[in-house]
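Each chain is listed here by its residues.
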Amino acid sequence: MSPSSPLSETRGHVGAYVAKDRHAVALAESGRTGEVRYVGEISSDSASVRRLVRKLGRPGVRLRFCYEAGPTGYGLKREIEALGHECAVIAPSLIPRKPGDRVKTNRRDAEKLARLFRAGELTEIWTPDAAHEAMRDLIRAREAAVKDRTRKRQEIRSFLLRHGKIYPGLKAWGTRYLRWLHGLSFSFRSQQAVLQELILAESQCRERAARLEKAIEDGLLDWPLAPVVERLQALRGVKLICAATFMVEIGDVRRFANARQLMAYLGLVPSERSTGDAVRRGGITKTGNARVRRVLAESAWTYRYPAKLGKGKYFESRHLPEVVRDIAWNAQARLTKRYRALIARGKRSTVAVTAIARELAAFMWAIARADEQQAGT
C-alpha cells in the first residue's frame, strides 16, 4: 500500500462511551492485531475534546471516532469533524454482544467500540445537519404536545365516568362536547374544582399543539426539504404532519437504493425464523423509526374506502408535477384494491392496514425521488 493511501494515513479507530459529564475513550491501533488500549476519561466540554484530539492525532493523520447514538445528540460528532477527523454515530441495537458477557463498565464499552469499529462490525446511522435537527425537534415537540393532550382528555373521561357523567352525543371534543363539559355541575365544590383544573390543563395542551403546528408551517417556508413535503401530500391520507414527520425522520431518501430497503428500515417487513425446509414468518420486525410507522399506519386507514380524488386533494395537488400526481393516483388505486383483497381473504383490519402502510412507504419513497427519476428519463 502506498504511503499516500487514505488507509495508511489512518492511525487508529477511537471508541468513546459518551455520557453527560464524562466520556470514556479507547484507541484501536491500525491493523487486525493492533493494540487496543484505554486512553482514559475526559470531561464532556469542548476544550477537553480538543485536547484529546490533539493528544491522539498528529499532523497529516486522520483519526476515526465513533460513539453510540443516545441522548447526548450529535454535538460531539460535529466538534470532531470540525477538527478535521471522521466521526460515526453507531446504532446501539446493532452492536454485536456476547450472551455470556455479564460485566459492563465504561472502559470495557469504549474498548469494545474501538475494536468492533476497526473490524467494520458496527452500523453507522444517518445523522442530520443542524437545520434538519432543528426541524425534527419541532416535529417531536408537537408530537409530545399531542400525547399530553391525549392524556389530559383521558383523565377527564375517567373522572366523568367515575361520577356517572356520560356525554349523550356521538363525537367528543367538538364544540358541542366542550359546551356540555363546561355546563356540568357536581354536588361538592372540590369535585367542581377538579373538573375545572382538568379542563384548563387540556385547553393548555390543545393550544400548545396548535402553536407548534403553526411553527411547523412557518419553519417549512425556508426548509430545503419543504418541496418534498408538499409533494408527499398528494398521496391520500398524507397531510402536513405526516409528510413532515416522514421527511424529518428519514432525511435523505437517496440513502435507500430501493423501496424494499426503506420498508426494512422502518420495521414494516415480516420477521422470519427459518431453517432447512421450515419457513416461519411472524409479525413485522418493528425495528427502526417508530414515529414513521405510526404516521404511516394512521394514513393507511384512509385506504379502506374506494379510490376517489376528492375536491380538496385535487386543488391541493393540481400544481404539482404530473409524475407526482400519477404516482399518487396509482398508489390510491392499488392500495384501496389491496385492502379489499386482504379483508376478503379473512385478514384482520389491523393486519391489512399494516400491509398498506408498508406499500405506502414505497410510494412515498418514489415521490421523494421523483425528480431523479424524471431526470433519468
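Report follows, based on the coordinates. (Residues numbered from 1 in each chain as written. Predicted model: local features only at pLDDT ≥ 70, side-chain atom pairs only at ≥ 80, totals over all residues. Heavy atoms only, no water.)

The next point concerns the environment of Pro71. Secondary-structure assignment places Pro71 in the loop between strand E4 (62–68) and helix H3 (75–82). A residue is classified by how much of its surface remains accessible, and Pro71, at 90% relative accessible area, is exposed. Remark: the alpha-carbon pair of Pro71 and Val49, spanning 22 residues in sequence, is separated by 18 Å. (Helix = DSSP H or I, 4+ residues; strand = E, 2+ residues; numbered from the N terminus. Buried < 20%, exposed > 50% of the residue type's maximum accessible area, 1.4 Å probe, protein only.)

One water molecule sets the probe size; rolling that probe over the atoms shows where empty space is left. Under the counting rule described, the total for this entry stands at 1 cavity of 30 Å³ or more. Every residue along the wall of the largest cavity is listed here: Val14, Ala16, His23, Val25, Ile42, Val49, Leu52, Phe65, Cys66, Tyr67, Leu76 and Ile80. Elements with a minimum of two residues in the lining of the largest cavity: strand E1 (10–18), strand E2 (22–29), helix H2 (46–56), E4 and H3. The biggest single contributor to the lining of the largest cavity is E4, with 3 residues. (1 Å grid on protein atoms, 1.4 Å probe; cavity = no way out; pocket = protein on both sides within 12 Å on 5 of 7 lines; lining within 4 Å. Points joined across faces, edges and corners; volume = space filled by probe spheres on them.)

The computed volume of the largest pocket comes to approximately 750 Å³. The wall of the largest pocket is formed by 25 residues, among which Ala69, Ala91, Ile125, Tyr265 and Asn289 lie closest to the centre. A total of 3 residues in the lining of the largest pocket trace back to one element, the largest contributor, which is helix H5 (residues 130–162). When grouped by side-chain class, the residues that make up the lining of the largest pocket number 11 nonpolar, 7 polar and 7 charged. (Nonpolar A, V, L, I, M, F, W, Y, C, P; charged D, E, K, R; others polar.)

Our next topic: the nonpolar core. Core analysis: the largest hydrophobic core is formed by 60 residues, its most contacted members being Leu232, Leu235, Phe246 and Leu296. For this core, the secondary structure elements donating two or more residues are H5, helix H7 (189–219), helix H8 (226–232), helix H9 (240–250), helix H10 (259–265), helix H11 (290–300), helix H13 (322–344) and helix H14 (349–368). Counting residues per element, this core draws most heavily on H14, which supplies 14 residues. If we skip the residues at most four places from it in the chain, Leu232 touches Val238, Ala243, Phe246, Met247, Met364, Ile367 and Ala368. Grouped together as the second largest cluster of nonpolar side chains are 19 residues, Val14, Val18, Leu52 and Ile80 included. (Core = buried A, V, L, I, M, F, W, Y, C linked by side-chain atoms within 4.5 Å. Contact = heavy atoms within 4.5 Å.)

Right, let's get into the side chain of Gln332. Structurally, the position occupied by Gln332 is in helix H13. Look at Gln332 and you get buried, because its relative accessible area is 5%. Aside from chain neighbours lying at most four places away, what touches Gln332 is Arg236, Tyr303, Pro306, Ala307, Lys308 and Leu309.

With that settled, the discussion passes to the pairing of strand E5 (residues 86–90). Look at any regular strand and the pattern is simple: side chains alternate between the two faces of the sheet. In terms of burial, E5 is largely enclosed, as 4 of its 5 residues are buried. Two strands pair when backbone bridges link them, and E4 and E5 are joined in this way by 5 bridges, in the parallel orientation. In the strand pairing of E5, Cys66 is matched with Ala88. With H3 bridging E4 and its parallel neighbour E5, the resulting β-α-β unit is right-handed. (Pairing = 2+ DSSP bridges. Right-handed = clockwise from strand over helix to strand, strands pointing away.)

Bringing a nonpolar patch on the surface into the picture now. Among the surface-exposed residues, Leu309, Tyr314, Phe315 and Trp329 lie close enough to one another that they form a single nonpolar patch of about 420 Å² accessible area. Structurally, Phe315 can be placed in helix H12 (residues 311–317). (Patch = residues over 30% accessible without salt bridge, like charges linked within 9 Å, V, L, I, M, F, W, Y side chains within 5 Å. Areas by Shrake-Rupley, 256 points an atom, 1.4 Å probe, with all protein chains shown as cover. Salt bridge = Lys/Arg side-chain N within 4 Å of Asp/Glu carboxyl O.)

Turning to the packing of aromatic side chains, a few remarks are in order. Under the definition given, this model contains 7 aromatic pairs. Residues Trp173 and Tyr177 carry aromatic rings whose centres are separated by 4.7 Å and whose planes lie at 55° to one another, so their mutual orientation is tilted. Judged on exposure class, the residue Trp173 and its partner Tyr177 are both buried. Aromatic pair Tyr177 and Trp180: ring centres 5.6 Å apart, planes at 45°, arrangement tilted. You can see Tyr177 and its partner Trp180 sitting in helix H6 (residues 175–182), 3 residues apart, about one turn around the helix. (Phe/Tyr/Trp six-rings, centres within 6.5 Å; stacked < 30°, edge-to-face > 60°.)

With that settled, consider the packing of H13 against H14. Where H13 meets H14, the axes come as close as 10 Å, and the angle between the chain directions of the two elements is 165°. By the angle class used here, H13 and H14 are roughly antiparallel. In the crossing of H13 with H14, the sense of the turn from one axis to the other is right-handed. In this structure, H13 uses Val324, Ile327, Asn330, Ala331, Arg334, Leu335, Arg338, Tyr339, Leu342 and Ile343 to contact H14, whose residues at the interface are Ser349, Ala352, Val353, Ala355, Ile356, Glu359, Leu360, Phe363, Ala366 and Ile367. Split by residue class, the contact of H13 with H14 holds 15 nonpolar, 2 polar and 3 charged. (Axes fitted to C-alpha atoms, helices over the stretch in contact; angles between N-to-C directions. Parallel < 35°, antiparallel > 145°, perpendicular 65-115°, else oblique. Left-handed = near helix turned anticlockwise from the far one by under 90°.)

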